[in-house]
Amino acid sequence: MADSLDFALRVVESVAFSLHSILGITEPCTGCLRRSFKDNGAMPEWFWPVAGFLLGVVAFANFSGNDKVVLGAQAYIATFHMGAVFYHLRLGHHPAVGLAPGVFVLFAIIVTALRVNLLVALLENVVCAGAAAFLCWILVTPPLKEEESHFLI
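Treat the numbers as computed from the prediction; the structure is a model and nothing was measured.

What counts as what
- Residues numbered from 1 in each chain as written.
- Predicted model: local features only at pLDDT ≥ 70, side-chain atom pairs only at ≥ 80, totals over all residues.
- Heavy atoms only, no water.
- Helix = DSSP H or I, 4+ residues; strand = E, 2+ residues; numbered from the N terminus.
- Expected span 1.5 Å × (residues − 1).
- Buried < 20%, exposed > 50% of the residue type's maximum accessible area, 1.4 Å probe, protein only.
- Contact = heavy atoms within 4.5 Å.
- Axes fitted to C-alpha atoms, helices over the stretch in contact; angles between N-to-C directions.
- Parallel < 35°, antiparallel > 145°, perpendicular 65-115°, else oblique.
- Left-handed = near helix turned anticlockwise from the far one by under 90°.
- Nonpolar A, V, L, I, M, F, W, Y, C, P; charged D, E, K, R; others polar.
- Salt bridge = Lys/Arg side-chain N within 4 Å of Asp/Glu carboxyl O.

Caption draft 1: Structural detail: helix α5 (residues 99-115). With 17 residues, α5 ought to run about 24 Å at 1.5 Å a step, and its terminal C-alpha atoms sit 24 Å apart, in line with that. Every buried residue of α5 is listed here: Pro-101, Phe-104, Val-105, Phe-107, Ala-108, Ile-109, Val-111 and Thr-112. Of the surrounding secondary structure, the elements contacted by the buried residues of α5 are α1 (2-30), α4 (67-90) and α6 (118-139).

Structure representation (structure tokens):
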């Protein structure tokens, strides 16, 4: 049962990441992510293509025969998607928007717990959340508050 759940979750992750990889890599040409998220330049221009490339690598690495590679992929998944939760919060989006990427954090915790144990999975997630919060603080430019924006005119 654990092996089939592990495999099913990794299939769901990798299918989603393959699609999001294409969106990220093509973002400079399409602008679909920035428009969908009402990003308004909050992320550096290079972020989406790099993130798209890395999601493609993770989608592939998720099926490695090496447990360490799969666990590394799960750590990236947890960090990236916790970062997505923080990104939406920093941009002032409704907190419910964070539920979608939060599902993948949960999947990463489950896969890690099935392969190691729950304590390691939870500790890994705390470390990944810390890394994600730090990267979000560095990479995401929050929108200006209305009282700040009048100084730019």
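Caption draft 2: Structural detail: the packing of α1 against helix α3 (residues 47-61). Their axes nearest at 7 Å, the elements α1 and α3 cross at an angle of 155°. With respect to α3, the axis of α1 lies roughly antiparallel. The crossing of α1 and α3 is left-handed. When α1 is examined against α3, the residues Ser-14, Phe-17, Ser-18, His-20, Ser-21, Gly-24, Ile-25, Glu-27 and Pro-28 are found in contact with a partner set consisting of Trp-48, Pro-49, Gly-52, Phe-53, Leu-55, Gly-56, Val-58 and Ala-59. Looking at the contact of α1 with α3 residue by residue, the class counts come to 9 nonpolar, 7 polar and 1 charged.

Caption draft 3: Local environment of the side chain of Thr-112. Mapped onto the elements of the fold, Thr-112 is located in helix α5. Not counting residues within four places of it along the chain, the set of residues in contact with Thr-112 comprises Leu-71, Gln-74, Asn-117, Ala-121 and Glu-124.

Caption draft 4: Looking closely at the pattern of salt bridges. Summed over the entire model, instances satisfying the criterion amount to 5 salt bridges. The partner of Asp-6 in a salt bridge is Arg-10, with the nearest N and O atoms 2.7 Å apart. Pair noted here: Asp-6 and Arg-10 are both in helix α1, with a separation of 4 residues, about one helical turn. Judged by its relative accessible area of 7%, Arg-10 falls in the buried class. The residue Arg-34 makes a salt bridge to Glu-45 at a minimum N-O spacing of 3.7 Å. One end of the pair, Arg-34, is in helix α2 (residues 32-37); the other, Glu-45, is in the loop between α2 and α3, and 11 residues separate them in sequence. When its relative accessible area of 16% is taken as the criterion, Arg-34 is described as buried.

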